[in-house]
Amino acid sequence: MTISENLFENLRLELRRGCLTLAVLAQLRQEYYGYTLRKALAERGLDIDESTLYPLLRRLETQGLLASEWREEEKRNKRFYRLSTDGEQMFVQLLEEWQAINASINATISMHASGKEDASGNSTL
Amino acid sequence: MELLHRYLQAVKKHLPWDRQDDIIAELKANLESQLEDKEAELGRPLTKDEMEAWLKQIGPPMQVAGRYLPQRYLIGPAVFPMYWYVLRLACFWCLVIYSIVSVVQIFNGGIANGTELAGAALRVPAVLMTTAAWVTLIFAAIEFGLARNPSKRGLFANAPFDWSPSALPPAETTAGYRKRPRSYAMAVTEAIFGFLFLAWLLLIPAHPWLLLGPGAFYLDASPYQFAPVWVQFYWWVVGINVLQLGWRCVDLVRGSWQGPRRIQQNTIQALGLIPLVMGLTSPGHAYVTLRHTALDQGVYGAHLNALNHGIYMGLLVITVIAVAHLLLEGGRLSLNVYRKRVAAAR
């Protein structure tokens, strides 16, 4: 891996880290167990490694954002997760924050793009 | 399935004992479901190679288990800036104290040789590592305490750095420098050479050959000896060097090594006049005396007078040059101050 690829990978992971939590909280407004949650996120284009997602679920539960229960399904005991009351409140707050950041970034990008168009338009005149 | 079982067993070994069964049960259910899906997709069980590739893709057992553990620091980000600051300070002052103690010990022992000096120098890494280990240990204990009392974390991390923006040193401008600002490496090198010079200076009384070379042995065999005025002269020189070295060290610690050292240089030069004047005002301008005055006065008296006169003239010339240089620097400083005042008035 080159230095620039390595840097990209680090920055990508950093960028994804916060988004993953939000995506997991969003998905867990409905009940899932680890593997089906992973599949559901992957179907929506968000692939998460097993070794990232499963410990993340534990951590969010420890933080009181998720509630879990063991239940038998298809002859196998599975741990099902869903948002707790605190988790729902936190999700709303985080979603607002994320939307605000997203809007700011979009505004910055579109401003930069229109600035470029202006500049290129002027140069052709 | 057997490989999966072995994999889960390996993961379990790295998990905390109180949660390992629960975590493994959950991980097992998730991975078995995933495996079933894979096999359903293929319409057959996974081969050994495919199974290995899948488990490898999940990750090494220790790493997978590690993700379930809380983030652990020996020294966390809140405490680290202070730890780093104290570590540098402790190592620096430890080096200073160790150097001075070593030099004084060698000097007092009176039997300093290359082996002793080399031994003292070789002990420096061990001394620094011991200091660093103690500082790290203390801060690790603080971190441990704060992990159990997180409310104190912000308080601890901010309190020692209680600061006010208006108390910050004035902005350094490079525009007025005649030369490039001094680099950190240069400032450290100057401090190290300052220490070496001081060590050399302190060794001179016990080992005059360090200053006079072979002349020290001739002096021993000659009828001449240094007058007591040189002892006072010597200690003044030592004192001025200690002051200069201390000043440089303080600059290093305060992070102000880049700026010009005009005031420092002028102060040291002004203080340097004291031993020179002391020499010039020495009673009878006697810098060298005879060991056996009554015995050798007749033979060496004329040589002695010429020698003392030569030393006196030498000291006089040096003093005149030093005073002229100081006056010149004083004039430059006054001119700069005047220019700044005029510029500020405009």
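In case you missed it, the structure is sitting above this.
Residues numbered from 1 in each chain as written. Chains lettered and ligands numbered in written order. Predicted model: local features only at pLDDT ≥ 70, side-chain atom pairs only at ≥ 80, totals over all residues.

Asks: Which residues make up the overall build of chain A, and what values do they have?
Replies: Broken down by element type, chain A carries four helices and three strands. Sequence-ordered secondary structure for chain A, helices as α and strands as β, is α-β-α-α-β-β-α. Taking all 125 residues of chain A together, the buried fraction comes to 17%. The long-range share in chain A, meaning contacts at least 24 apart out of those at least 6 apart in sequence, stands at 43%. (Helix = DSSP H or I, 4+ residues; strand = E, 2+ residues; numbered from the N terminus. Buried ≥ 20, exposed ≤ 12 C-beta atoms within 10 Å, placed from the backbone. Contact = placed C-beta atoms within 7 Å.)

Asks: Got a sec to walk through the packing of helix α12 (residues 229-254) of chain B against helix α13 (residues 262-280) of chain B? Specific residues and values, please.
Replies: All names here are of chain B. Contact geometry of α12 with α13 gives a least axis separation of 9 Å together with a crossing angle of 175 degrees. Judged on the interaxial angle alone, α13 and α12 are roughly antiparallel. Residues V229, Q232, F233, W236, V237, I240, Q244 and W247 of α12 form the contact with α13, whose participating residues are Q264, I268, L271, G272, I274, P275, M278 and G279. Looking at the contact of α12 with α13 residue by residue, the classes come out as eleven nonpolar, five polar and no charged. (Axes fitted to C-alpha atoms, helices over the stretch in contact; angles between N-to-C directions. Parallel < 35°, antiparallel > 145°, perpendicular 65-115°, else oblique. Nonpolar A, V, L, I, M, F, W, Y, C, P; charged D, E, K, R; others polar.)

Asks: Explain the interface of chain A and chain B to me, using residue names and the numbers behind them.
Replies: Listed by partner, the interface residues are twelve residues for chain A and 14 residues for chain B. Elements with a minimum of two residues in the side of chain A that touches chain B: α2 (34-43), α3 (50-62) and β3 (76-83) of chain A. Counting residues per element, the side of chain A that touches chain B draws most heavily on α3(A), which supplies six residues. Grouping the constituent residues of the side of chain A that touches chain B by class yields three nonpolar, four polar and five charged.

Asks: For the pairing of strand β2 (residues 66-73) of chain A, give the residues involved together with the corresponding values.
Replies: All names here are of chain A. Sheet analysis places β2 next to β3, joined by eight bridges and oriented antiparallel. The partner of E69 across the bridge, within β3, is F80. Turn length for the β2-β3 hairpin, with the two strands adjacent in sequence and antiparallel, is two residues, and the turn residue E74 shows positive phi of about 50 degrees. (Pairing = 2+ DSSP bridges.)

Asks: Before we move on, could you go through unusual backbone geometry and cite the residues and values that matter?
Replies: It is generally the case that most residues other than glycine have a negative phi and that most peptide bonds are trans. The phi dihedral of E74(A) is positive, around 50 degrees, even though this residue is not glycine. Tracing the chain through its elements places E74(A) in the loop between β2 and β3. A tally of 8 C-beta atoms within 10 Å means that E74(A) is categorised as exposed. Residues other than glycine seldom take positive phi values, yet H285(B) does so here, at roughly 50 degrees. Assignment of secondary structure puts H285(B) in the loop between α13 and β2 (288-290).

Asks: Can you tell me about the pairing of β3(A), naming the residues and giving the values?
Replies: With two bridges joining them, strand β1 (residues 32-33) of chain A and β3(A) adopt antiparallel strand pairing. Across the sheet, Y32(A) pairs through a bridge with Y81(A), a residue of β3(A).

Asks: Now, about helix α2 (residues 20-42) of chain B: what can you tell me, with residues and values included?
Replies: Residue and element names in this part refer to chain B. In this model α2 runs 32 Å from its N-terminal to its C-terminal C-alpha over 23 residues, within 8% of the 33 Å that 1.5 Å per residue would give. Residues of α2 that are buried: I23, E26, L27, A29, N30, L31 and S33. Of the residues trailing α2, G43 is marked for its positive phi of about 75 degrees. (Expected span 1.5 Å × (residues − 1).)

Asks: Describe the sheet that holds β1(A), with residues and values.
Replies: Think of a sheet as strands paired side by side through backbone hydrogen bonds, with each pair either parallel or antiparallel. Pairing in this open sheet of three strands is antiparallel, and the strands run β1-β3-β2 (chain A) from one edge to the other. Every other strand in the sheet has two partners, leaving β1 and β2 of chain A as the edge strands with one partner each.

Asks: Hey, could you go over the nonpolar core for me, with residue numbers and the actual values?
Replies: L28(A), L57(A), L66(A) and V11(B) are the most contacted members of the largest nonpolar core, which has 23 residues in total. The dominant element in this core, judged by the number of residues it contributes, is α3(A), at four residues. With residues up to four places along the chain from it excluded, the contact list for L28(A) reads L37(A), L66(A), Y81(A), R82(A) and L83(A). (Core = buried A, V, L, I, M, F, W, Y, C linked by C-beta atoms within 7 Å.)

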